[in-house]
Structures are given as structure tokens and as C-alpha cells.
Amino acid sequence: MGSRSSHAAVIPDVDSIRRETGFSQASLVRLHHRFQALDRNKKGYLSRMDLQQIGALAVNPLGDRIIESFFPNGSQRVDFPGFVRVLAHFRPVEDEDTDQDPKKPEPLNSRRNKLHYAFQLYDLDRDGKISRHEMLQVLRLMVGVQVTEEQLENIADRTVQEADEDGDGAVSFLEFTKSLEKMDVEQKMSIRILK
Amino acid sequence: MLRAALSLLALPLAGAAEQPTQKPESLGEPLPGLELFRWQWHEVEAPYLVALWILVASLAKIVFHLSRKVTSLVPESCLLILLGLVLGGIVLAVAKKAEYQLEPGTFFLFLLPPIVLDSGYFMPSRLFFDNLGAILTYAVVGTLWNAFTTGAALWGLQQAGLVAPRVQAGLLDFLLFGSLISAVDPVAVLAVFEEVHVNETLFIIVFGESLLNDAVTVVLYKVCNSFVEMGSANVQATDYLKGVASLFVVSLGGAAVGLVFAFLLALTTRFTKRVRIIEPLLVFLLAYAAYLTAEMASLSAILAVTMCGLGCKKYVEANISHKSRTTVKYTMKTLASCAETVIFMLLGISAVDSSKWAWDSGLVLGTLIFILFFRALGVVLQTWVLNQFRLVPLDKIDQVVMSYGGLRGAVAFALVILLDRTKVPAKDYFVATTIVVVFFTVIVQGLTIKPLVKWLKVKRSEHHKPTLNQELHEHTFDHILAAVEDVVGHHGYHYWRDRWEQFDKKYLSQLLMRRSAYRIRDQIWDVYYRLNIRDAISFVDQGGHVLSSTGLTLPSMPSRNSMAETSVTNLLRESGSGACLDLQVIDTVRSGRDREDAVMHHLLCGGLYKPRRRKDGVANAEATNGKPRDLGFQDTAAVILTVESEEEEEDSDSSETEKEDDEGIIFVARATSEVLQEGKVSGSLEVCPSPRIIPPSPTCAEKELPWKSGQGDLAVYVSSETTKIVPVDMQTGWNQSMSSLESLASPPCNQAPTLTCLPPHPRGAEEPQAPLYPPSDPHPSFAFPPSLAKAGRSHSESSADLPQQQELQPLMGHKDHTHLSPGTNSHWCIQFNRGSRL
């Protein structure tokens, strides 16, 4: 990695990006390489098309939603800081992350933010709640074709009701967090190489 | 040959079964009074002794567990070893010579396989593969490290003159000894760690290591053994190379054998649809065949069985029937526990035989210190390296537990017994040292590891019930991570796992699973299914009644929840006794079990769970208060079912089967309100006082067997016997139930004689039951409540309605539809008096 760090100068605003995302220099360089490789026409940003051409994403049931997550608020392009910002959710939680002073904004890879990233993949209409319908859509993507629509609906019902605490028939982010209380989200939503 | 003599002395525990005539004179207790039967005893001696030993061990287990205090402090393996010591001492005192030893042949061929199969089959595969890197490192590098350092250090000790000169051993001998003493033993680890409950990651690392290091141990042992036998002077450079190569051959070969048999096993169970009974047998046979094949080819047999169990489980579990699954699980656990018990006991007994071992304090103490020290050192070094690559580093506490949890056991003992004394002159010393090491690790470390874990506050494993949310979100996370790896362009673990899952879905599962089993395969569905089963069981346990067909699609399900939440049993006892009587008659007459299974299964398959409104819990409870009173007539409902052809395809489209099903249910309502009759209300009730309503006898067990039918056919079969009984016994029951109903129910219908006066129910409005009338009364004046009729029709119009109905449900407060159609909740359903059996 040391040899690559000379490339760090190429990245604009490298310091502020590092502060925001917590990525190491080496990771940023690696990600920048990847960004440039994905950016086919060297236009300096990525479009949806650029991400869609990644072969394996096409077969990923959540592929489209994940691509969409790179383009918040319906924008058509994502620049490098935006690209890195999304990926920063998956940076492993390290010790120094936990004892940050409260004045600083919560790091992107906090448990809450990791969960929120997953949550907004469900919450298509961005109303802060996973409705039964949205749950059903996800289930349809995830569960194999062998399960019939009706059974899927049953599962969706049960899933929503399991998490639904205030009885509004939808899962709010708070309820979502609660339903995953026991899961080691920090571990399950982290990728080692993104340090 | 000495070994032959030894094996003669030893109790050929199961080996005796092979050679029943082998031990003519070494009879344990030649009771004088048994003279008459003596020859018969010889006939049965070997198996009899085997059975007796297992019995003694099992009884000992029972005794240990009588006191919870003891078992919570002392691991079972310790107690068994100590018991073995005592028993061995008794045998020694009585027979004047040591008998019944842990014989290597018996151990490797009969005692070890069940334990390994059990652990491989029930290995949490996800966890295992998540930590595969660490496990392999510890298993391969760690074992090699332990073997060489321990061996070399002991040799150094000897060179330093701390080991008595009578221990005639060179460097190779010590390396051989190091190789057999260094391997962490799966049996011991399992026995101790199962009681300690450390967190899953830690457990899987220690335990996975103990399983996978077998290949290394076998290779090292064999290589060193052959080097010793060749003599160090004759060992060529190529032999070292061969030794290294054989490591790969043995481990990969063993794994390959296991996978091949796993494949065969999965494939075979795909075709056992008509011979369910042999499914469990197949699992055991093929796994055992894998073990023997690997053993035959001198590959790592433990690895083979582990891989076989690990590889086949997913497909086998999907293919075999539910009952077979339970059988496999239980038999496996029983065998493993049995083998484990016997191993530890025999270990204790074997230690008594002082003719086999010779003591040397320097060697024993040196070995003890070295194995502990080098284990700890090895763990620390490897963990340091591994932590560079691990997402969740193993902290110091983990390392302490891992070092301390390196228990040695019966494998080492069996291997040391197998040594050839003519080639390894120091064998007796090695045997003694091994015994001490095994005893020390199992007893001292086994005793102290629990307090240690507590003291260090090691993260314990926490058992929490699986929830659908967790399962679903976990899958989401997996997909997200795989996608992010794609975006980042780094093909890591998640990428490959995703790839494997796709491959598995596309090809392997297609090949190895019967088509009807696909659904079980889906994990989200699986969790959903299991949750439903759990709910159903707790529901039934609490005295609930399983609702059948329409109970599922109609909004009657709140009853389930309220049943579970309130004390149903009390309700039943208090209110429903009179009406219940006849039910039991029916139940006993009917070929109960199969049907119950069928209905239960269908019920579960069809999705027992229905949305509930928690805040309405109280209302639900109230709403179902009247429920027990329905029993009398509900069970008599004549529901005619179209028996589906049991094609596998049916599962693929269960919505359609359900539809057919609904149409196939014919209700013959005699002279009641027309609404019902024309409506063919699925699940509406009908009294069937005459045999002419007998359905086309679908009671044949096979047709009802749970696994053969999709979730669709939820209807009840009423056989002729039922209806024959009914007029006699049901009469009073009907009267009772009717009266109880009518006394509470809709005012217009109160003409039946009141035999029992049940306390009027507060929510009497809900009581109008299904339109039925006592058979004694030809002119029913039971007015059909309009609201009920409406509800009935709306539910029954077509099955296309049903999904909508369901869809509405979560949005529709329970109070709403009780208001809409009072009482529909509870009585549009057929019940089985299952609770009464439990």
C-alpha cells in the first residue's frame, strides 16, 4: 500500500473525506482506483449505468436498491466523496470509533448508521416506516420462488407484526433497531478490507 | 505378539461382536451358581458385556444428574473418568488383573464415528465457514507447531538429563510422541465445552480445530511411526517430501471422500419418498461408509465424516420426512452420548492397568508443562497473525480460553496404545504420560475451565429465539455485503459465499432435493415454519384446539393468540366440559393419530399465524371465552375433502391446491338456512347425523400423512365410524352444547331442552354458532343470524377472496370484525380435541 499512497494526492479533498469517512489513506486510494475503473468515460462521476454494469450486482436480489442508495434524492450522478460516503457504512467498527467525543457527528459506520442504511433499502417511499407492502416486496426478492404469494404475505404479516410495537402496521426505524437488538450488526455489516 | 495379547486382555467392547468366541478364559465373574448355564453365557458373553457396560455407563449418567449441584460444578466427563477408575480398581481387585480396556480398534471403528458424525452433522455450517480460516490455521499450523515443539522440547529435556536414562527414546520417538499428544481431542473438547457455553465463535474455533486437526495428527503419527520403524538412519530426503505430500493427500482425500458420500446420501434420500422408514438408516449407513472408506484408504476418517455430515445436512434435512429428521437427530445424539460415556469410562478403567505403563516423573511433568506452554504460545502467535486478517479480532480472553481449552483425550490414548513396543521401546513411559496428560486435561482443566470462563467474563453464548426479522435482515445484510464487495471490486468472502449460494440454488439443490422440498430449503420460510410450529405446540400444550381448514383463512385466528396469552386451560375446564365429552368419543374412534398429524401439519403449513393486534389482546381473550362450548358440534362437521393426488408438484402451487380444496369441501346442511347450503361455505358446520354424509373415506393414513400433502388440504375427514357413534353418544352432547349455546346466543333460537346450565357469557352476542340443530329435532328453528350469514358468505364466495381477506386483516382491527360479524371468529372452524389427549 505504501507505494500507492503517492496517488493520494490525486484525490481531491482527501483530508476532509478521510475525516468524514474514517477511511485509511490506503483504503481511499484503493477506492479511488475502483471509482476510476468504474467511471468508464472518465467523466469524474458515476452514473447508475456505471454501477449496473457490475455483473454480479445484476443477480443480487437487492442489487438495484443498493445501486439506488448511491444516488440519494434522485440525483443522477455520484462523485467520489458521495461514493465513499456510502461505502463508509461498511467500515469495521474499531476501538477508536467508540470513544469519540460527543461533539463530533456520529461516524458513518456506527451501529445506528449501518442499520439505517439497511433500513432505507426497505423503506422505498422514504416515509420512515417499512410498511407491510414494502416488507412483502423485499421478501419477494429474497425468498425463493417456491414459496407462494399467499405464503409470502403470511410471512410478511408475521414479520411486520413481530417487530411492530406501536401497532401501526408498519416497522419504524426504532422498531427495526429493536428487532435486531441481539444481532451483532457491527460485525455483520462490515467488510474487513474497508478499513 | 504383545499387541495380540493385549487385545485379548482388553474388552473388545464392540469388537467383541466381531469375534464372539475370542475370549475363552477371561471371564469376568465366574459365578459358582451359574454352572448350569455356563455354556450359554459364552454364547452371549461378548454382546452381553457390551450391553452391560453401556448400561452401567448410562446408569452412572443418571446418577450423576440426580444432583444438579454436582453436574453444574463437575463436567460429566470427569465424573465418568473417575467412575471408570473406581470400576477398574474393582475389576482389578476381583479378577486380579486388569480387564476391559479401551481398545484402539473398538475406539476408532465404533466409538469415535458416532461422535464425529453427530458433531459434523449438527455443526452450525455458517459459523463454521465464517471462521474457517482461523479453524484451519489452528488445526494445521497449531497442531504441527505443538507436535514439533513438544517433541523437540522433550528430547531436549532428555538430553539435559532430566528424563531418566531408562526411557530409551531418540528424537524421532519424541516427535512421534509429540504428534500424538499434541492434538486437541474432539471428544474431550465437546464434552467439556458443551457444558461451558462460551460464545459460538470461540466454541466453533476450538471445536472445529479439534475436528480438523485429525488429518494432521494422523499424518504426523503415521509419518513419525514409519520413520521410527524404518530407523532414523534409513530415512531419505524423499521420505520427508512424501510426508508433506501425504498431509495433503490425507486431509484433502478425507474431505473428498466425505463430500462424495454426502452427495450420494443427499441423492439417495431424494428418492425415498415411498420408503420413508429407511431414511434414518441411510443417513447412518452412508456416513459410516464414508468413515470406513476413508479409514480403509488410510485417509482422515474424522475429516471424512465431518465433511459428510456438514455437506449432506442441508439436502438430507430437506428431503427426509419430519419424523425421520427427528429420528436422525435423536439417534445421533443418543449414539454420540453413549459412545462418549463409554469412552470416558473406559479411559478411567484403562488407567488402572499398571502392567501397561511405566512411570517417569521427568517425562510426565515435562510433557504436562510443555503441552500447556506450547499450546498457549502457539495460540498467541497464531492469533496475532490471524487478527491481522480478522474482522473481529480474538481478544486476550479468547486466547486464554483457547489455550486452556486444548484438551487431550481418547484419541491420543488410543494412538499411544497402538504403538509397537518392539519399535518404540519407550512405549510404556509414553502410555503413562499420555494417561496422565489426558487425565490432567480432562479432570483438572475440565473442572477449572468453567470457573475460569466465569471469572474472565468470557462472552457467553446467548440463546435467543430466532425471529423472522432477524432472519430476513440477516439475509439482507448478506446481500448488501456481497453487493458492496462487488462495488468495491474486492472479491472476498461475501462474494464467494454469494456465488456459492447461487450455484447451489441453480444446480446442486435442483439435483439433490426433491422438488417438494424446495420450500423447506428457504431459510426465511424455514424460520417462519418453525415459529409456527412452536406457536402451535405451545398453543396445543395449553389445551387449545387445533383449528382446521377455514380456521386458517377466516379471521378466527385471534383465538390462537388469545389462547396462548390467556389461560385457556382454565377456560376449558370451567366452561366446556359438558360439550367436550362426546368429542373424546369421536376422537378415540377415529384413527386419531394420523389424522391429527395431518391436520396439525396442514395447519402449520398453511400458515397458522395470523396477524394479531396486540392491543386487542384483551378483546380477543374475551371473544374466545365462549369457544370451548363449541366443541361438541364442531367436531361433527362433515367436511368432504377432495383428496389430492400426492404429486410433488402440488407444492409448487399451493394456492391452487387450496382453491381446489375449498371447492372440494362439501357441506351438507340439512334443512337449515339456505344461505349456508348454497354457499358451500368452506368450513361451515354441519351436523351429520346419518351415515349418508360420509365422505369418500379419505382416511387412509398415507393420504393424510403430513409430508405427502401440501398445505392446502386442511379439511377434516369424518369416517363412517364417527357417524355410527354419533347418534348414540353425541345426542346428549349436542343437546348440551346446543342448550349452552342457545341459552347464551341469539334470542330467536331457544327451543332446545336445557340440560346443563352454563353461566351466561358476558359477550353473548358472539355465541350464535354454526347453523346446526340437534339430530333429535327435525325442525330446526335455529335462526341463522344475518350477520353470521353475511360473514359466512363473504368468506366463502371464492378462494380468490381469501387472500384479500388476509390482506385486510392486519389493517383491520380485531374489534372491527368482531363487530362486523360477531362470533365468526370462533365457530367457523372444525376442531380436534387434541388438547384432551395432551
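Residues numbered from 1 in each chain as written. Chains lettered and ligands numbered in written order. Predicted model: local features only at pLDDT ≥ 70, side-chain atom pairs only at ≥ 80, totals over all residues. Heavy atoms only, no water.

## A closer look at the overall build of chain B
Cut-off, in case you're wondering: The helix and strand labels rest on DSSP assignments: H or I over at least four residues marks a helix, E over at least two residues marks a strand, and numbering proceeds from the N terminus. Remark: exposure states derive from per-residue accessible area (1.4 Å probe, protein chains only) relative to the maximum for the residue type, with buried under 20%, exposed over 50%, and partly exposed in between. Throughout, a contact is declared for two residues whenever any of their heavy atoms are within 4.5 Å.
From N to C terminus, chain B includes 39 helices and 2 strands. With 838 residues in all, chain B has 59% of them scored as buried. A separation of at least 24 residues holds for 82% of the contacts in chain B among residues at least 6 apart in sequence.

## Here we look at the UniProt feature "domain: EF-hand" (unreviewed entry) in chain A
Which entries qualify depends on this criterion: UniProt positions are given in the numbering used here, feature names are shortened, and annotations may be inferred rather than shown by experiment.
Sequence positions flagged by UniProt for "domain: EF-hand" (unreviewed entry) are, in local numbering, residues 26–61, 110–145 and 151–186 of chain A. With 64% helix and 6% strand, the stretch residues 26–61 of chain A has end C-alpha atoms that lie 31 Å from each other.

## Describing the nonpolar core
Our working rule: Put simply, a nonpolar core is a bunch of buried Ala, Val, Leu, Ile, Met, Phe, Trp, Tyr and Cys residues held in one set by side-chain atoms that sit within 4.5 Å of each other.
Ranked by size, the top nonpolar core spans 147 residues in total, and within it F107, L112, F344 and F430 of chain B carry the most contacts. Element by element, the count of residues in this core is highest for helix α11 (residues 200–230) of chain B, at 17 residues. Counting 72 residues, the second-largest nonpolar core is a separate cluster that includes L62, F70 and L108 of chain A together with L481 of chain B.

## Considering the packing of aromatic side chains
To be explicit about the condition: Only the six-membered ring of Trp is used, alongside the rings of Phe and Tyr, when aromatic pairs are assigned; centres must lie within 6.5 Å, and planes under 30 degrees apart are stacked while those over 60 apart are edge-to-face, with the rest tilted. Throughout this description, the term charge over a ring refers to an Arg CZ or Lys NZ atom that lies within 6 Å of the ring centre and within 35 degrees of the ring normal.
One pass over the structure, following the stated rule, counts 23 aromatic pairs over all chains. Between F107 of chain B and F108 of chain B, the aromatic rings sit 5.0 Å apart at their centres with planes inclined by 70°, giving edge-to-face as the arrangement. Of the residues examined, F107 of chain B reaches a relative accessible area of 0% and is grouped as buried. By relative accessible area, which is 16% here, F108 of chain B ends up buried. On the basis of an interplanar angle of 80° and a centroid distance of 5.0 Å, the ring pair of Y495 of chain B and W496 of chain B is categorised as edge-to-face. Counting every residue linked through ring pairs, the aromatic cluster contains F35, F70, F80 and F83 of chain A. The residue whose ring lies beneath R48 of chain A is F71 of chain A, and the NZ or CZ to ring-centre distance is 4.6 Å.

## Here we look at helix α18 (residues 410–418) of chain B
All names here are of chain B. Burial of α18 is extensive: 8 of the 9 residues sit out of reach of the surface. Along α18, the residues that are buried comprise A410, V411, A412, F413, A414, L415, V416 and I417. Packed against the buried residues of α18 are α6 (104–121), α9 (171–181), α10 (186–196), α11, α15 (322–352) and α19 (427–456).

## Some remarks on the packing of helix α2 (residues 25–38) of chain A against helix α20 (residues 468–488) of chain B
The condition that has to hold: Each axis is a line fitted through C-alpha atoms, taken for helices only over the stretch in contact, and angles between the N-to-C directions span 0 to 180 degrees. For classification purposes, an angle smaller than 35 degrees is called roughly parallel, one larger than 145 roughly antiparallel, one from 65 to 115 roughly perpendicular, and anything else oblique.
For the pair α2 of chain A and α20 of chain B, the least separation of the axes is 9 Å and the interaxial angle reads 80°. Accordingly, the angle class assigned to the pair α2 of chain A and α20 of chain B is roughly perpendicular. In contact with L31, R34 and L38 of chain A of α2 of chain A, α20 of chain B contributes D486, V487 and V488 of chain B.

## Focus on the environment of I343 of chain B
Residue and element names in this part refer to chain B. By secondary structure assignment, the location of I343 is in helix α15. Assessed through its relative accessible area of 0%, I343 is described here as buried. Taking the C-alpha atoms as reference points, I343 and V187, separated by 156 residues in sequence, lie 8.8 Å from one another. Not counting residues up to four positions away in its chain, the partners in contact with I343 are L102, F107, L111, I115, V187 and A410.

## So, the confidence of the model for chain A
All names here are of chain A. Heads up, the condition is: A score from 0 to 100, pLDDT tells how confident the predictor is in each residue.
For chain A, the mean per-residue pLDDT works out to 79, and 88% of the residues sit at or above 70. Helix α7 (residues 95–98) is the least confidently modelled element of chain A, averaging 57 in pLDDT, while helix α11 (residues 173–179) averages 86, the highest of any element. Contacts for the low-pLDDT stretch residues 1–6, under 50 throughout, to residues beyond four places or in other chains number 7 contacts.

## Quick word on unusual backbone geometry
Residue and element names in this part refer to chain B. In this model, S298 sits at a positive phi of 45°, which is unusual for a non-glycine residue. Summarising the element assignment, S298 is placed in the loop between α13 (279–296) and α14 (301–319). A positive phi angle, near 55°, is found at K457, a position not held by glycine. On the secondary structure map, K457 appears in the loop between α19 and α20.

## Points about the environment of P81 of chain A
Mapped onto the secondary structure, P81 of chain A falls in helix α6 (residues 80–87). Sequence-wise, P81 of chain A and Y45 of chain A are 36 residues apart; in three dimensions their C-alpha atoms are separated by 9.8 Å.

## Some words on the pattern of salt bridges
Going by this rule: By definition here, a salt bridge exists when the distance from a side-chain nitrogen of Lys or Arg to a carboxyl oxygen of Asp or Glu is within 4 Å.
A full pass over the atoms with the stated rule returns 18 salt bridges over all chains. For R132 of chain A, the salt bridge is made with D157 of chain A, and the minimal N-O distance between the two is 2.2 Å. Here R132 of chain A, found in helix α9 (residues 132–142), pairs with D157 of chain A, found in helix α10 (residues 149–163); they are 25 residues apart in sequence, far enough to count as distant. Classification of D157 of chain A by relative accessible area gives buried; the value is 2%. For the salt bridge of E149 of chain A with R140 of chain A, the shortest nitrogen-to-oxygen distance reads 2.5 Å. Salt bridges sharing partners connect three or more residues here, namely R126, D130, D478, R497 and E501 of chain B.

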